[in-house]
Amino acid sequence: NTGQLLNVALPYRNLGSLKTDGIEAQLHWGVPAPFMGATGKFTIDTSINYLANYKVQLLPGAAFLDYTNISNGTAFDPSSVPPRATPRWKTLTTFGYRSDTVNVGLRWKYQGAMDDLSRITAPANRAVGVPAYATWDMFGSVKLFGNYELRAGVNNLFNRGLPFVASNQTGTDTALYDLIGRSFYVGIKAKF
């Protein structure tokens, strides 16, 4: 009746920009280990990611906000910017031994320390950041009788706990970090 605006519908639009760059490298190194069997081989496989920049512009003409190395524990929906975490360093490295019948190894997952989202949203009142986070997994498999393979492993071998994430209501980010802790698995594969 009065002409007062009560609600403004603002649909999602892809109007902003994203500028990101970094370096990704993957390396494989293997050396024969004939003293452990004719087909034995020690291996190291690693994937290393370095994020140089992750800058977001929400609307045309607006300033770019630097979300590089930020933990965004409040990202509850897929449209949120930035994603849950934009760590500067991430790596996945596997140390192993394999042959025609045996495969064993250790896997190291690492994510560098990050600043809290408040570095962008409230720079005068910054919350504590997230420390570096690393877990180790152990795995193995053995072929039995030609047609069967037994596999087993331990995830989060040293039972690393959850880090504190200030920008999340629960105090951590269960979508990003290992909520379960140490866990075990066993399986068998059969060919018929």
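Analysis parameters
Residues numbered from 1 in each chain as written. Predicted model: local features only at pLDDT ≥ 70, side-chain atom pairs only at ≥ 80, totals over all residues. Heavy atoms only, no water. Helix = DSSP H or I, 4+ residues; strand = E, 2+ residues; numbered from the N terminus. Buried < 20%, exposed > 50% of the residue type's maximum accessible area, 1.4 Å probe, protein only. Contact = heavy atoms within 4.5 Å. Areas by Shrake-Rupley, 256 points an atom, 1.4 Å probe, with all protein chains shown as cover. pLDDT = per-residue confidence, 0-100.

**Points about the overall build of the chain**
So, step 1. Secondary structure assignment for the chain yields 1 helix and 10 strands.
So, step 2. Along the chain, helices and strands appear, N-terminal first, in the series β-β-β-β-β-β-β-α-β-β-β.
So, step 3. With respect to the principal axes defined by its C-alpha atoms, the chain has extents near 85 × 35 × 35 Å.
So, step 4. Classification of the 192 residues of the chain by burial places 28% in the buried group.
So, step 5. Within the chain, counting contacts between residues at least 6 apart in sequence, those at least 24 apart form 60% of the total.
So, step 6. When the accessible surface of the chain is split by element, carbon and sulfur atoms take 59% of a total near 12700 Å².

**Quick look at the confidence of the model for the chain**
So, step 1. Averaged over every residue, the pLDDT of the chain is 88; residues scoring 70 or more account for 93%.
So, step 2. Mean pLDDT values for the elements of the chain range from 87 in helix α1 (residues 118-121) up to 97 in strand β5 (residues 89-98).

**Section: the environment of Val31**
So, step 1. The topology assignment puts Val31 in strand β1 (residues 17-32).
So, step 2. Residue classification places Val31 among the partly exposed residues on the basis of a relative accessible area of 30%.
So, step 3. Distance in space between the C-alpha atoms of Val31 and Ile44 is 9.2 Å, their sequence separation being 13 residues.
So, step 4. Not counting the four nearest positions on each side in its chain, Val31 is found in contact with Lys41 and Phe42.

**Comments concerning the environment of Lys143**
So, step 1. Along the chain, the position of Lys143 falls in strand β8 (residues 133-144).
So, step 2. Relative accessible area serves as the criterion here: at 44%, Lys143 is assigned to the partly exposed category.
So, step 3. Expressed as a C-alpha distance, the spacing of Lys143 and Ile188, which sit 45 residues apart in the sequence, is 9.6 Å.
So, step 4. Here Lys143 is in contact with Asp100, Thr101, Tyr148 and Glu149, once residues within four sequence places are set aside.

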